Each structure stands twice: as C-alpha cells, then as structure tokens.
Amino acid sequence: MHIVGARPNFMKIAPLVKAIKEHNQTGIFPHLDQIIVHTGQHYDEKMSELFFDHLGLPKPDINLEVGSASHAVQTAEIMIRFERVLLQYQPDAIIVVGDVNSTIACTLVASKIQYPASNLRLATCNSKRRRPLIVHVEAGLRSFDRTMPEEINRILTDQLSDLLFTTEEDANENLKREGISSEKIFFVGNVMIDTLFQHLEKAKKSDILNRLGLINQRLRTSDQGLSTRDYALSTPYAVLTLHRPSNVDHKETFLNILEALKEISKKIPIIFPAHPRTQNRIKQFHLDQYFKRFSTSNLQLATCNSGIYCIEPLGYLDFLWLMANAKLVLTDSGGIQEETTVLGVSCVTIRENTERPITVKMGTNIVAGTKKENIINTALSQLNKLNQRKWTCNLSTCQLATAFWDGQAAKRIVDILVEKLST
Ligand code: UD1
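As a starting point, this report considers the structure included with it. (Residues numbered from 1 in each chain as written. Predicted model: local features only at pLDDT ≥ 70, side-chain atom pairs only at ≥ 80, totals over all residues. Heavy atoms only, no water.)

**Focus on the sheet that holds strand β12 (residues 292–293)**
Part 1 of the argument: Taken in spatial order, the 7 strands of this open sheet run β12-β13-β11-β10-β14-β15-β16, and their pairing is parallel. Each of the sheet's edge strands pairs with one partner strand only, and the pair in question is β12 and β16 (365–367).
Part 2 of the argument: When strand β11 (residues 270–273) meets strand β13 (residues 308–311), the two strands line up parallel, connected through 4 bridges. Within β13, the position partnered with Pro 273 by the bridge is Ile 311.
Part 3 of the argument: In this fold helix α14 (residues 335–343) packs onto β10 (238–241), β14 (328–331), β15 (346–349) and β16, with an angle of close to 165° to the strand it touches most, β14. (Pairing = 2+ DSSP bridges. Helix = DSSP H or I, 4+ residues; strand = E, 2+ residues; numbered from the N terminus. Contact = heavy atoms within 4.5 Å. Axes fitted to C-alpha atoms, helices over the stretch in contact; angles between N-to-C directions.)

Encoded structure:
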C-alpha cells in the first residue's frame, strides 16, 4: 500500500509503482498487489491530479479527502480515516515517502495497528507482527532544525519504520546516530531522480518556454531548400519556488526575502510558480506590489528583463523543463535542490540549512540563509560565476551516479522488499 498526500510524494511513488509492476511481469514470487492511498492533503488540480496524469500514475484507489487544516487536525484526520482503510485492506507493507504530514500520520497508525488474528497472511503471518511492514523511502535526511514540521515528521517516521531506504550516505550516519539498527538501513539512491530521468525526454516536448514567451523562433532554409524552425532561448531567466512556513507565514520575514528577490530581479527576470500557501499569504499581507501577475498563456518574457512574474503552480513536465533551462533557481524546497544538482543548474537555497548536504558538496547548491543581503550576494555571485563560466562541481557527476542517483533506485527498493516479503 503506497501512501501519498502532498505534491512531492507523487514523484517519489511513481517509479516504485512502475518497478513493482515490472517485478510482477517477471513472475518471480511473490506477486505484489498494489494499492494507492491518497490522503487528500493536497487537493487542488494543479497540486495533485495533474501530477497523476503527467507521471502516468494510476488514479488512487482510495482518497481520504482530508484537505487543509492545522497540523494537529490534518494529522489526526488522516490517522482516523487511514486506520479504517488499514483494517479493511490489511496490506503486508505500507510504503511512505518523504516527510510530509501524511507520512508520519500513516506511519503512526500502522505502527500500532493490530490486524485480527484470524486473517493473517504472508509477511505478517510469518512473523509475530500483526501489522504491516513500514517502509520509509527517503529516510535519514536531517536539517537538525526542529522548528521545521518536516524535521519532526522525518525523525518520528524513521523511528517507527522497519525498512529505511536512504538517498545519500549522510542519511545512513544520521540514522545510526539515532540508534537505528544498520540491518534496517539500505542505501539505495534517489527515487525522485528515477522519475526525473524517466520523464526528461517527455519534458523536452513541453511548450512551457513558448507559453511564457521565452523562445525566439526563426525559419531556416537548409542546403536542400527545406524550411525548418529554429528555437532559441530569448531571455535568460531565474525560477523561484517559495512556500516554507518559516519563510512565508510571517510578514516581516517574507518581506525581507521579497526585498532581496526584488533586487535580484533587476538583473534577471524571475518566474515564480506560486504555491497556494504563498498565494494566500501574498493576499493576506497585501504584498501584490512585488509581483507582476500573469497566466502562463499571456506572459511575453522575451520583451522583459526585470521583475518577479507570479504564475500558477506548474505540472511536473512543464516545471522540469522550465527548471532545466533556467540560469538560476531560487528555492526553499528540498527536492528542487536535488533536481537542480542532477540537471547541473545553479541553485540558491533560501533557508538557514539543508537536509540534503550532497547537493552542496556537488557544488550546484549554495545555502544562502534568509537574510536579505546574503540572498542578494549569493544569487548575484552565482550569476557572475555563470557569466564568467567559473561554475565548478566539487564532485563529479560520476560520483553522483555512484551515489545511486542513476535512475535505478526504485528497482533496488523493490528487490529488497520482495526478499523481505518472501521470507
Ligand atoms: C506540504 C509539506 C511540505 C511540502 C509541501 C509541498 C507538510 C508538513 N508539509 O506543505 O513538506 O514541501 O507540502 O507542496 O506536510 N493548499 C491549497 N491547495 C492544495 C494544498 C494546499 O490551497 O492543494 C493551501 C491551503 O491553504 C493550506 C496550505 O496550502 O492551508 C498549506 O498546505 P499543507 O498541505 O498544510 O502544507 P504545505 O505548505 O503544502
């Protein structure tokens, strides 16, 4: 049983669903039935449904439809509704990913559930356990900042999980330091990067650059007299994502970041697909004057060279292609730090810390903090380095691939899962 709830979860389960399907096609025992449970933490079409379409994910079998609420209410509602589902379906394993409220809520329920003794099967039957195996994918990441709700979710989920799959070596060390037995920890690589590799070709067909007016088209005539269209990026641009509560929920902090972005946007236009949380805060704090608002169909960036262009959240393929062609990415997201590393795009993280230190070691990511001057200086120095072609990686791409960011992480996970479920 796969658990998804919020936007970053969809990219993480997609390759797992695919790898399990491929396992089943081999006919190797055991055949694994899959059920997808969507908690409904994210519910807007642009935050959820679109991702199922773009990632080729089957529609969720069950939707708990919890929606937005305070952390306590949202977590509790997921727990209440998920307990019923767990008792009805009695899966042998639940797979939770990442660090969102849905991850910890379902883990907590699964860790205490008792299946009725009369109806035990497979793995649950073979052990004394009368509950599903709890499988945490993307375990062990730590920002060491317990003011982040995600950090609490990570620590607690890891403590309760039976199998912990990690994306980088620092994560293994973090888990061991917290007393988790190394027998439970498996360094397998990054499923989100599996998704990136699986969808990059499709993303290249996205018309997002066209829709944003970022492309110049020229007609060319070949030696054979055939006309072809030539596409070239007309304007270098930066991409921004910003939604961490610590950055956008307090007016003063948010203003300070916006002042920094305003300065940066004088040098390079910033395209900002805004998360609903951030859109709400912009309205609530009356900060509209910082943004030029556009829909993706009427933005003609080719003629603009400054400003912050606020657009609706994008689907996976559009966002991937926009990010891949950006000169610079400014973000407070975790996953985007990893995706820019693989794409070789310069990233400035607007946070005081990162739980993904490999992205900094690789040289693509710089953690700028949240002070105005630091954000400006870091972003402008990144842009300068890019202009002078001075940008260098501290590690090689080859080292990243040997860290299992090679598109095969889901297969490794499924191989281990199959072994555990058949013993
Ligand atoms: C959640 C995750 C965060 C992840 C982010 C990705 C937790 C604690 N946080 O944060 O780690 O990076 O998702 O997007 O789980 N809203 C909508 N429509 C939606 C979803 C949200 O309008 O489809 C608005 C609501 O006003 C809601 C707010 O966004 O109150 C926050 O949503 P919530 O799911 O609580 O947390 P995120 O900030 O999205």
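**Observations concerning the site of the ligand**
Part 1 of the argument: Lining the immediate surroundings of the ligand are 21 residues, of which Gln 41, His 42, Asn 101, Glu 150 and Arg 277 lie closest.
Part 2 of the argument: Within the contact set of the ligand, an oxygen atom lies 2.9 Å away from a side-chain nitrogen or oxygen of Gln 41.
Part 3 of the argument: In this structure, an oxygen atom belonging to the ligand sits 2.9 Å away from a side-chain N or O atom of His 275.
Part 4 of the argument: Protein chains shield 88% of the accessible area of the ligand, which is 740 Å² for the free molecule.
Part 5 of the argument: Elements represented by at least two residues in the shell around the ligand include exactly α3 (71–89), α6 (149–160) and α12 (276–284).
Part 6 of the argument: With 3 residues, α12 is the single largest residue contributor to the shell around the ligand.
Part 7 of the argument: Looking at the shell around the ligand residue by residue, the class counts come to 6 nonpolar, 10 polar and 5 charged. (Near = heavy atom within 4 Å. Polar contact = N/O pair within 3.5 Å; in protein donor to acceptor, adjacent residues only side chain to side chain. Areas by Shrake-Rupley, 256 points an atom, 1.4 Å probe, with all protein chains shown as cover. Nonpolar A, V, L, I, M, F, W, Y, C, P; charged D, E, K, R; others polar.)

**A few points about the side chain of His 23**
Part 1 of the argument: As for its placement among the helices and strands, His 23 is situated in helix α1 (residues 7–26).
Part 2 of the argument: Classification of His 23 as buried rests on a relative accessible area of 9%.
Part 3 of the argument: Leave out the neighbours within four places in its chain, and His 23 touches Ile 28, Phe 29, Pro 30, Leu 32, Val 414 and Val 418. (Buried < 20%, exposed > 50% of the residue type's maximum accessible area, 1.4 Å probe, protein only.)

**Details of the pairing of strand β5 (residues 133–139)**
Part 1 of the argument: For β5, a buried count of 7 out of 7 residues is recorded, marking the element as mostly surrounded by other parts of the structure.
Part 2 of the argument: Sheet analysis places strand β4 (residues 93–97) next to β5, joined by 5 bridges and oriented parallel. Following the sheet pairing, Ile 95 is matched in β5 by Val 135.
Part 3 of the argument: In the sheet, β5 pairs with strand β6 (residues 163–166) via 4 bridges, with the strands oriented parallel. When the bridges of β6 are listed, His 136 appears paired with Leu 164.

**Some details on the packing of helix α8 (residues 191–203) against helix α13 (residues 316–324)**
Part 1 of the argument: Relative to each other, α8 and α13 sit at 85°, their axes nearing to 10 Å. Classified by the angle between their axes, α8 and α13 sit roughly perpendicular to one another. Contacts between α8 and α13 involve Met 192, Thr 195, Leu 196, His 199, Leu 200, Lys 202 and Ala 203 from the former and Tyr 316, Leu 317, Leu 320 and Trp 321 from the latter.
Part 2 of the argument: Class assignment of the residues belonging to the contact of α8 with α13 gives a composition of 8 nonpolar, 2 polar and 1 charged. (Parallel < 35°, antiparallel > 145°, perpendicular 65-115°, else oblique.)

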